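Each chain is listed here by its residues.
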Amino acid sequence: MTDRSDGPIGRLPEHLLVEIFIHLPVGEWVQIACVNKQWADIFQGDCLWQTAIARNWPSAGLRKRWPGPIPRGSARRRFQALHISDNLVPSGGEIDELVGHTYLYLKEQLERPAMPPSSILHGTIIDQFIACGKTGEKAHDLASKIWLAVIDGLEENEQTFLLLKHLAREGEFFLPFPYSRSYKVLWRVFDKLFTDFRDCFSGADYHDALSTAKSRFQPVPSTWLGH
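Let me begin by describing the structure that accompanies this report. These numbers come from a predicted model, not from an experiment. (Residues numbered from 1 in each chain as written. Predicted model: local features only at pLDDT ≥ 70, side-chain atom pairs only at ≥ 80, totals over all residues. Heavy atoms only, no water.)

Considering unusual backbone geometry
For step 1, the next point in the chain: Cis peptide bonds are those with omega within 30 degrees of zero, and the linkage from Phe-177 to Pro-178 qualifies with 10°.
For step 2, the next point in the chain: Positionally, Pro-178 belongs in the loop between α9 (158–169) and α10 (183–196).
For step 3, the next point in the chain: Along the chain, Gln-218 connects to Pro-219 via a cis peptide bond; the corresponding omega equals -10°.
For step 4, the next point in the chain: Among the structural elements, Pro-219 can be located in the segment after α11 (203–216). (Helix = DSSP H or I, 4+ residues; strand = E, 2+ residues; numbered from the N terminus.)

Shown next as C-alpha cells:
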C-alpha cells in the first residue's frame, strides 16, 4: 500500500480515519498501520480500538471487571479478546470476553522460554472461571476448548514441536476434577505430534513418544504408527 498522507485521505481528521479503518477487514489492519506514522499512531492509541469494540460488541463496555489473575488490559487487548471469543473459541453463540483473555494468557505462557507446568496453567484458568461464577464442569469445558484452540493455532515450526514434546512428556498429576488435565487436550497434543510433526522426530525420540502415548491411550490410532 502506498503512502497516502499527502492525498485526500491523508488530510482527513483522525476521527474520520478511525471510522474508515474499522469498516475495513481486521486482517488488513497491520498493513494499514504501516502506511505512515500518523496511521501507525492511530493503531497504537485507544480511540480506534474503543470505537471498534463499541461498533462490533456494543454490550462489552457495560461489563464489569472480574476478579482473578487474568486482567482485561488495554482497549487493544480487549478487542483481541473479543475477536478471539467471537471467532476462534466455540461458545454456543455467546461472546465471552474472559474466554478471549484466557486464550491470550495461555498462548503467551506457552510461548515463554520457561513455561510453567501445564497443570499450573490449567489450574489458574479453572480458578479464574470459578471466581467469575462458572461451575466446575463449565470451567473445565471452557478451559479444554481454550487449550484446543491455542494448540490448533500454533504455527508448524520447531518451537511448536518442542512445546508439544514437552507437553506430551509431562508426568500425570492426580488432581481432582475440574483441575485434572483434559483427556481431549492431551490426545490433541499427541495427534499433532504424530501427524504434523512426525518427520521432526529422531528414531529414538519417536519410539519414546509412542511408548508414552501407548501408556495413556489404548488403542492408539494407526496413523500414529505411520500406517
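Some remarks on the nonpolar core
Across soluble globular proteins, nonpolar side chains have a tendency to be buried as a group.
For step 1, the next point in the chain: Ranked by size, the top nonpolar core spans 47 residues in total, and within it Trp-147 and Phe-194 carry the most contacts.
For step 2, the next point in the chain: Contributions of two or more residues to this core are made by α5 (75–87), α6 (97–110), α7 (118–131), α8 (136–152), α9, α10 and α11.
For step 3, the next point in the chain: Take this core: its biggest share by element is nine residues, from α8.
For step 4, the next point in the chain: Among all residues touching Trp-147, those that are not within four sequence positions of it are Leu-106, Leu-110, Ser-118, Leu-121, His-122, Ile-125, Leu-167 and Val-185.
For step 5, the next point in the chain: If you look at the next biggest cluster of nonpolar residues, it comprises 20 residues, including Trp-29, Ala-33, Phe-43 and Ala-75. (Core = buried A, V, L, I, M, F, W, Y, C linked by side-chain atoms within 4.5 Å. Buried < 20%, exposed > 50% of the residue type's maximum accessible area, 1.4 Å probe, protein only. Contact = heavy atoms within 4.5 Å.)

A word on the packing of aromatic side chains
For step 1, the next point in the chain: Per the counting criterion, the structure on display carries 22 aromatic pairs.
For step 2, the next point in the chain: When the centroid spacing of 6.0 Å and the interplanar angle of 25° are considered together, the rings of Phe-194 and Phe-201 count as stacked. Both residues of the pair, Phe-194 and Phe-201, count as buried. (Phe/Tyr/Trp six-rings, centres within 6.5 Å; stacked < 30°, edge-to-face > 60°.)

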